[in-house]
Every structure is written in structure tokens, then in C-alpha cells.
Amino acid sequence: MADLNDTIRLNNVTVDDISSVVSKTVHVLRLDKIHPVISGNKWFKLKFHLEQSMNDNHHTVLTFGGAYSNHIVATAFACRSIGMDSIGIIRGEEPVEWSDTLKDAKRYGMQLHFVSRDEYDRKEDTGFIDQLKKQFGKFYLIPEGAYGELGAKGSEEIVKLTDTSIYTHIICSVGTGTMMAGIVNATHPLQKVIGISSMKGNQSLEAEIRSLLKNDKREFSLLHDHHFGGYAKYDKALIDFMNELYAQTKIPTDFVYSGKSFFALFSLLKENYFSAADKVLAIHCGGLQGNRSLPAGILEF
Ligand SMILES: *Cc1c(COP(=O)(O)O)cnc(C)c1O
């Protein structure tokens, strides 16, 4: 992995203590600081895929995502950094006005290919993958959101960025659950890992995470009630909370993942979910680029 780490320069993350704001030992692991483009957990989920693609002598990486996807833009940038071509299969017809995310991905050299939502739903079918191979030639495939074992393996490193053994609870946002699986795998069985799902009623999430665990009996908690209406949905309460959090802690959050997981954390604190001796680590998974899709001016940071 040494050459990858030399190619893509990462910033140090910090551990911010917000205990004075919440009257409880709560620290925040600022993965959002790790890289201006390959933000948050995306680096950790991609690194072993990139290494594998190089070891297998691939020249092209292909992956999937939506028009605002943190994963798409991170993959585009990471591939360019290591001299790999990249193709992004984007969910939905080509919009008249491209999102900033898509414009960035293209600027970083990703070839974007729009498919209908119906086609996109077939992205795991071998028939569809074969069709893509015919169209684009040989490629290394990274699943949507880098879901899977390699993504989880890379995410284990998140727990090693600081001494996380002192925390009784680790809380993080969840999309595919890949990062959470890695965190569960790398923590002590007595540490409680709490995931906040950004999706509405994603019933298969629990099993998908469990399938990535080294110890499939290990317990973890998934909270499904903080989606604010569904994936990438938001309301005034969420935006107000994000502005207030920033005013009090100088921590910026995104409205798709980290804003919702911090909102959930504050709700748990209010409900006295934690006991007096508990020490909580909140993982800030980045994703701030997604805020560019919000109406200008509603965020005060
Ligand atoms: C991608 C992403 C997630 C979801 O990660 P999974 O491993 O898919 O659960 C959470 N938060 C942020 C900010 C992300 O960009």
C-alpha cells in the first residue's frame, strides 16, 4: 500500500472534543478533514479496491452512483491520482444541468454514462455487467458505494487512526453499511457501535452488514428513524440543527449523512440513552461536497 499512500496525500484527521457543548464525553473523529475531494470514509472504502485493480493490471475502474454521489467524485479523483481510467455509471437520464458533483467527476477524468433507473437497478445482474463489458472493454468493477469485503477491510483502519479503545460507544452514519461493518470488525466486542441509516426503512441493511462481519454473532445497533423523509431528503429542522451545530462547535456537516447522524446523536443524548460513565466517539464521515445541491444561503457555513 506504500505507493498508494505516496500518490494520494492525506491530511491528518483530528479528534474534536465537544463535551462542553453536550455535557458528556463526546469526541468527534473528523474524517471530513482527510482529503478535500476523497472525503471522509470514501478513501478507506476505496483503497483496497484501487490496490487490487493495480495488482490485476487493470487500466480502467468502473463504478456506479447517483448524480450527487460522494463515492463517484472520490473514485474519479482517486483513479486520476493513480493513473487509472474511470467510468461512472450514473443513475437516471442525463440531466439538462449537471450537478457540481458530476462536473467535478468529469473534470477529474471520469467518463460518465447515464442509464435509466430501471437499468440501474439491474447493476448487479451478470447480463448487465456483460453488456457494460462489451461497451467499455475490460474493467475493474467497484460496487456502488464500494459495498463489500474490501471496503469493509479498508474501513477497519478508521478505528486505528486514534486510540479508540477508550470509547464505550462509536456512532456513525450508514448508507450501504460497509464502513460500519469495518468498524464493528475492528472494535472490541464490548464496545457498542451505533449506525444511523440515511435511508427510509432499509430492511435488508442489517443482513448486509452482518454478511460482512468476521464474527456474525457480534451485536450492533442500527437506528432507522433519522432519515428525515428518506435518502437525501431534508427539512428545516435538519438545516437549523446543522447551522446550530456549526455555530456551537465549528463542525460542518452534510445533509445526507453526517447532519442526520449528529442529529440522532443529540437526540440520544437528550433521551439519556448513555450512562454517566459512557464515552462516545462520533465519526464524521465527510460528504460535505453534497451540500452544493442545497439552495444557496440556507447553510451558514
Ligand atoms: C458514503 C458515506 C456514508 C455511507 O457509508 P457506507 O459505508 O456506504 O455506509 C456515510 N457518510 C458519508 C458522509 C458518506 O459519504
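One structure accompanies this document, and this report is about it. Given the structure is predicted, the values throughout are model-derived calculations rather than measurements.

The tally for this structure, following the rule as stated, stands at 1 cavity of 30 Å³ or more. Counted as a void, the largest cavity has a volume near 30 Å³. Considering the residues around the largest cavity, the lining is formed by I171, C172, S261, F262, L265, A282 and I283. If one sorts the elements of the lining of the largest cavity by residue count, helix α12 (residues 258-270) sits on top with 3 residues. Its residues assigned to classes, the lining of the largest cavity comprises 6 nonpolar, 1 polar and no charged.

What follows concerns the nonpolar core. Among soluble globular proteins, nonpolar side chains are generally buried collectively. Counting residues in hydrophobic clusters, the biggest one holds 56 residues, and the most contacted among them are I38, L50, L112, M180, I183, I209 and I283. Counting residues per element, this core draws most heavily on helix α4 (residues 70-81), which supplies 7 residues. Ignoring anything within four residues of it in the chain, the contact list for L50 reads L4, W43, A78, C79 and I82.

This part takes up the sheet that holds strand β6 (residues 140-142). Taken together, the 4 strands give an open sheet; going across it, the order is β5-β4-β3-β6, and neighbouring strands pair in parallel fashion. Two strands close off the open sheet at either side, each with one partner strand: β5 (110-115) and β6. Put simply, the sheet's adjacent strands are angled 20° from each other on average, direction ignored. With 6 bridges joining them, strand β4 (residues 85-91) and β5 adopt parallel strand pairing. Following the sheet pairing, I89 is matched in β5 by H113. Here helix α3 (residues 42-55) sits on the sheet and contacts β3 (60-65) and β6; the angle it forms with β6, its principal contact strand, is near 170°. Where helix α7 (residues 126-136) meets the sheet, it contacts β3, β4, β5 and β6, and its direction lies at approximately 135° from that of β3.

All right, on to the layout of surface pockets then. Of the pockets and cavities examined, the largest pocket occupies roughly 1200 Å³. Lining the largest pocket are 49 residues; nearest its centre among them are G66, E144, M199, Y231 and Y257. At the level of elements, α3, β3, α4, β4, α6 (117-120), β7 (169-174) and α9 (178-186) are the ones that each hand at least two residues to the lining of the largest pocket. It is α9 that provides the largest number of residues to the lining of the largest pocket, a total of 3 residues.

Of note in the backbone geometry, S23 takes a positive phi value of approximately 55° without being a glycine. Secondary-structure assignment places S23 in the loop between α2 (19-22) and β2 (26-30). A positive phi angle is found at F228, which is not glycine, with a value near 55°. Along the polypeptide, F228 turns up in the loop between β9 (221-223) and α11 (236-249).

Time to look at the sheet that holds strand β10 (residues 280-284). Sheets are built from strands paired through backbone hydrogen bonds, the pairs being either parallel or antiparallel. Strand order in the open sheet made by the 6 strands is β1-β2-β10-β7-β8-β9, with mixed pairing throughout. The sheet is open, and its two edges are formed by β1 (15-17) and β9, each paired on a single side. Strand-to-strand twist of the sheet, defined as the mean angle between neighbouring strand axes without regard to direction, takes the value 25°. Bridge count between β1 and β2: 3 bridges; the pairing is antiparallel. Across the sheet, the residue bridging to V15 is L29, located in β2. Contacting β7, β8 (192-197), β9 and β10, α9 crosses the sheet at an angle of about 160° to β7. Running over the sheet, α12 touches β2, β7, β8, β9 and β10 and is turned about 165° from β10.

Conventions we followed
Residues numbered from 1 in each chain as written. Predicted model: local features only at pLDDT ≥ 70, side-chain atom pairs only at ≥ 80, totals over all residues. Heavy atoms only, no water. 1 Å grid on protein atoms, 1.4 Å probe; cavity = no way out; pocket = protein on both sides within 12 Å on 5 of 7 lines; lining within 4 Å. Points joined across faces, edges and corners; volume = space filled by probe spheres on them. Helix = DSSP H or I, 4+ residues; strand = E, 2+ residues; numbered from the N terminus. Nonpolar A, V, L, I, M, F, W, Y, C, P; charged D, E, K, R; others polar. Core = buried A, V, L, I, M, F, W, Y, C linked by side-chain atoms within 4.5 Å. Buried < 20%, exposed > 50% of the residue type's maximum accessible area, 1.4 Å probe, protein only. Contact = heavy atoms within 4.5 Å. Pairing = 2+ DSSP bridges. Axes fitted to C-alpha atoms, helices over the stretch in contact; angles between N-to-C directions.

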